[in-house]
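Residue-level structural notes
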Amino acid sequence: MSALLDVIKAETFKVLRKRRLYLLAALYWLLLPALVLIVARVVHVNLAGSFANDGGTVDQGLQFFASPMGIARLALSAPAFTSPTLYIVAVTLLAALLIGDERSQNMWKTVLVVQPKRWAVLAGKIVVMMGALAALMLGAAVFGFLFGAVGTTFLPTDFSGAWPPLVGLYLLQLAQLLAPVLLAFLLITLVRSGVLGVVMVLFLPSLIETLYTVLNTIAQLQPLNRINAIFQALRIQNTWQALPKYFFTSNLYNPGRQASGELLGQIGVSGELSGSGPFAALLGTGMTLGHSALVMAGYAVLFGVILFWWFLSRDFD
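All residue numbers refer to positions counted from 1 along the written sequence of the respective chain. Per-residue local features are limited, in this predicted model, to residues with pLDDT of at least 70; the limit for side-chain atom pairs, both in listing and counting, is 80 or more; totals at the level of whole chains, interfaces and linings are taken over all residues. Side-chain measures were taken over the full set of non-hydrogen atoms in the model, leaving aside hydrogen atoms and water.

1. Describing the overall build of the protein chain
So the rule is basically this: Secondary structure elements are taken from DSSP: a helix is a run of H or I of four residues or more, a strand is a run of E of two residues or more, and numbering for both begins at the N terminus. Categorising residues by exposure relies on relative accessible area from a 1.4 Å probe, with only protein chains included: less than 20% of the type maximum marks a residue as buried, more than 50% marks it as exposed, and the intermediate range marks it as partly exposed. Contacts are residue-level and defined by heavy atoms, with any inter-residue pair within 4.5 Å sufficient. Each accessible area value is a Shrake-Rupley result obtained with a 1.4 Å probe; residue values ignore everything except the protein chains displayed when judging cover.
Counting secondary structure elements, the protein chain contains 17 helices and 0 strands. Burial analysis of the protein chain (317 residues in total) assigns 44% to the buried set. Taking all contacts inside the protein chain whose residues are at least 6 apart in sequence as the whole, residues at least 24 apart take part in 80%. Surface accessibility of the protein chain: about 16,100 Å² in total, with carbon and sulfur atoms responsible for 72%.

2. Considering the nonpolar core
Heads up, the rule is: As used in this record, nonpolar core signifies buried Ala, Val, Leu, Ile, Met, Phe, Trp, Tyr and Cys residues forming a set joined through side-chain atoms within 4.5 Å.
Counting 59 residues, the largest nonpolar core has Leu76, Tyr87, Met129, Leu133 and Phe185 as the members making the most contacts within it. Examining the composition of this core, we find that 12 residues originate from one element, helix 7 (residues 118–151), more than from any other. Not counting the four nearest positions on each side in its chain, methionine 129 is found in contact with Val91, Leu94, Ala95, Leu98, Val181 and Phe185. Grouped together as the second largest cluster of nonpolar side chains are 8 residues, Val36, Val58, Leu62 and Leu155 included.

3. Observations regarding the pattern of salt bridges
The criterion, for reference: Here, a salt bridge means any side-chain nitrogen of Lys or Arg that lies within 4 Å of a carboxyl oxygen of Asp or Glu.
Scanning all chains against the criterion turns up 2 salt bridges. Taken together, the shared-partner salt bridges connect Glu11, Lys14 and Lys125 into one network.

4. Describing the packing of helix 1 (residues 2–16) against helix 7
Convention followed: For every element, the axis is a line fit to its C-alpha atoms; helices are fit only across the contacting stretch, and the angle between N-to-C directions ranges from 0 to 180 degrees. Between 65 and 115 degrees an angle is taken as roughly perpendicular, under 35 as roughly parallel, over 145 as roughly antiparallel, and anywhere else as oblique. Left-handed describes a crossing in which the near helix is turned anticlockwise from the far one by less than a right angle; the clockwise case is right-handed.
Their axes nearest at 8 Å, the elements helix 1 and helix 7 cross at an angle of 45°. Looking at the two axes, helix 1 sits oblique to helix 7. Relative to helix 7, helix 1 is oriented so that their crossing is right-handed. Taking contact as the criterion, the partners of Ala3, Leu4, Val7, Ile8, Glu11, Thr12, Lys14 and Val15 in helix 1 are, on helix 7, Trp119, Ala120, Val121, Ala123, Gly124, Lys125, Val127 and Val128.

5. Details of the packing of helix 2 (residues 19–47) against helix 3 (residues 57–66)
Helix-helix packing is characterised by the crossing angle of the two axes and by the distance between the axes. Heads up, the rule is: By the convention adopted, Pro, Cys, Tyr, Trp, Phe, Met, Ile, Leu, Val and Ala count as nonpolar, Lys, Arg, Asp and Glu as charged, and the other residues, Gly among them, as polar.
One can describe the packing of helix 2 onto helix 3 by two numbers: an axis separation of 10 Å at closest approach and a directional angle of 175°. With respect to their mutual orientation, helix 2 and helix 3 come out roughly antiparallel. Contacts between helix 2 and helix 3 involve Val36, Leu37, Ala40, Val43, His44 and Leu47 from the former and Val58, Leu62, Phe65 and Ala66 from the latter. Considering only residue class, the contact of helix 2 with helix 3 consists of 9 nonpolar, 1 polar and no charged.

6. A look at the side chain of threonine 92
Inspection of the secondary structure puts threonine 92 in helix 5 (residues 86–104). The contact partners of threonine 92, leaving out residues within four places of it in the chain, are Val198, Val201 and Leu202.

7. Re a nonpolar patch on the surface
Defined as follows: Patch membership is restricted to residues that have no salt bridge and whose relative accessible area is over 30%. Joining uses 9 Å for like charges and 5 Å for the nonpolar side chains Val, Leu, Ile, Met, Phe, Trp and Tyr.
Taken together, the side chains of Leu23, Leu27, Leu31, Leu35, Ile38 and Val42 present a nonpolar region at the surface, about 550 Å² in accessible area. When you line up the elements, leucine 35 lands in helix 2. Residue leucine 35 is classed as partly exposed on the basis of its relative accessible area, which comes to 46%.

8. Re the packing of aromatic side chains
Our working rule: Each Phe, Tyr or Trp ring, with Trp reduced to its six-membered ring, pairs with another whose centre is within 6.5 Å; inter-plane angles below 30 degrees give stacked pairs, above 60 give edge-to-face pairs, and intermediate values give tilted ones. In this scheme, Lys NZ or Arg CZ marks a charge over a ring once it lies within 6 Å of the ring centre and within 35 degrees of the ring normal.
Taken as a whole and assessed by the stated rule, the structure comprises 9 aromatic pairs. Centroid distance phenylalanine 248 to tyrosine 299: 5.2 Å. Interplanar angle 85°. Geometry classified as edge-to-face. Within this pair, whereas phenylalanine 248 is found in helix 12 (residues 248–252), its partner tyrosine 299 is found in helix 17 (residues 289–313), the two being separated by 51 residues in sequence. Positioned above the aromatic ring of phenylalanine 81 is the side chain of arginine 257, whose terminal nitrogen or guanidinium carbon lies 5.5 Å from the ring centre.

9. Section: the environment of isoleucine 8
Structurally, the position occupied by isoleucine 8 is in helix 1. In this structure the C-alpha to C-alpha distance between isoleucine 8 and methionine 129, which are 121 residues apart in sequence, comes to 9.7 Å. Contacts of isoleucine 8, omitting those with residues within four sequence positions, involve Gly124, Val127 and Val128.

10. Topic: the environment of phenylalanine 248
Given a relative accessible area of 6%, phenylalanine 248 falls into the buried group. Spatially, the C-alpha atom of phenylalanine 248 lies 8.1 Å from that of glutamate 209, the residues being 39 residues apart in sequence. For phenylalanine 248, the contacting residues outside a window of four places in its chain are Ala179, Pro180, Leu183, Pro205, Glu209, Met296, Tyr299 and Phe303.

11. A few points about the confidence of the model for the protein chain
Let me state the cut-off plainly: Values of pLDDT, which run from 0 to 100, indicate the predictor's confidence residue by residue.
Taken over all residues, the pLDDT of the protein chain has a mean of 82, while the share at 70 or more is 81%. The low-confidence segment residues 266–282, where pLDDT is below 50, has 24 contacts with residues more than four positions distant or belonging to other chains.

So this is what it looks like as structure tokens:
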């Protein structure tokens with residue numbers, strides 16, 4: 001245990017000295033909520049006194065987006081919709097620091113001489129990585145709340161909202177980030193090039209899922225005629241709906257994307273909430289949180305077993 005604590009202290013010191021963590025924090029903690037308040041102020045000035053606000057529609061939208069609860073929720077949800085997502089960008093940048101720098105600077109021999117217990121070295125890096133991600137997400141929630149509190153002084157917003165479910169979604173999203181952390185460590189460890197490892201982490205899961213979808217769709221095709229055309233279309237549609245249930249990306253961001261479920265209900269996308277709409281796979285609403293947690297736990301176990309086996313058994317040059 002002392003070996004693990006020593007690694008955690010050393011890796012924490014290294015992470016805190018690098019600017020990339022603070023750059024991510026500035027973008028995530030300051031830029032996002034500031035943009036939300038600017039947009040909310042413009043909307044309020046232009047629409048609050050118009051017919052668009054009949055029945056308080058605009059005020060309700062501002063409460064959803066720009067209240068303390070709204071900005072904290074958006075801080076969880078918005079990073080899950082970008083491409084590549086802010087979550088995987090943070091994972092990649094931090095993994096490149098914690099694993100990639102050792103290879104690029106030829107430091108593995110030195111590290112393993114200082115701390116010969118390899119399991120402690122790897123486990124300590126993973127703990128620090130998850131701690132850094134937790135700090136980023138906690139800061140996003142806190143700053144979202146603070147910016148939203150400032151917004152209540154010039155917007156028709158208040159502090160109401162269901163906070164416990166949102167906290168649960170934050171914790172679940174953080175826990176599910178363990179799988180991409182292990183995948184990033186594995187890929188960067190396996191390949192010789194740090195740049196190639198970063199690119200693989202960013203795009204390999206989506207590329208594999210796209211190729212598998214295309215190949216599976218082609219496999220469903222049969223000689224086409226007027227009689228079986230409708231049945232082939234239905235079969236392909238069912239295939240597309242079934243595939244994302246076990247995809248890495250669809251399940252990974254499900255907690256963050258489900259935080260937008262209330263918004264989808266407000267704008268009338270009821271099919272997406274039930275998992276039957278055309279964008280259900282993208283939004284992650286076709287899978288329950290429990291299903292996504294189990295799928296991501298399976299990925300984490302798979303990547304973790306391969307990573308530890310490789311790291312503990314190979315000879316570093």
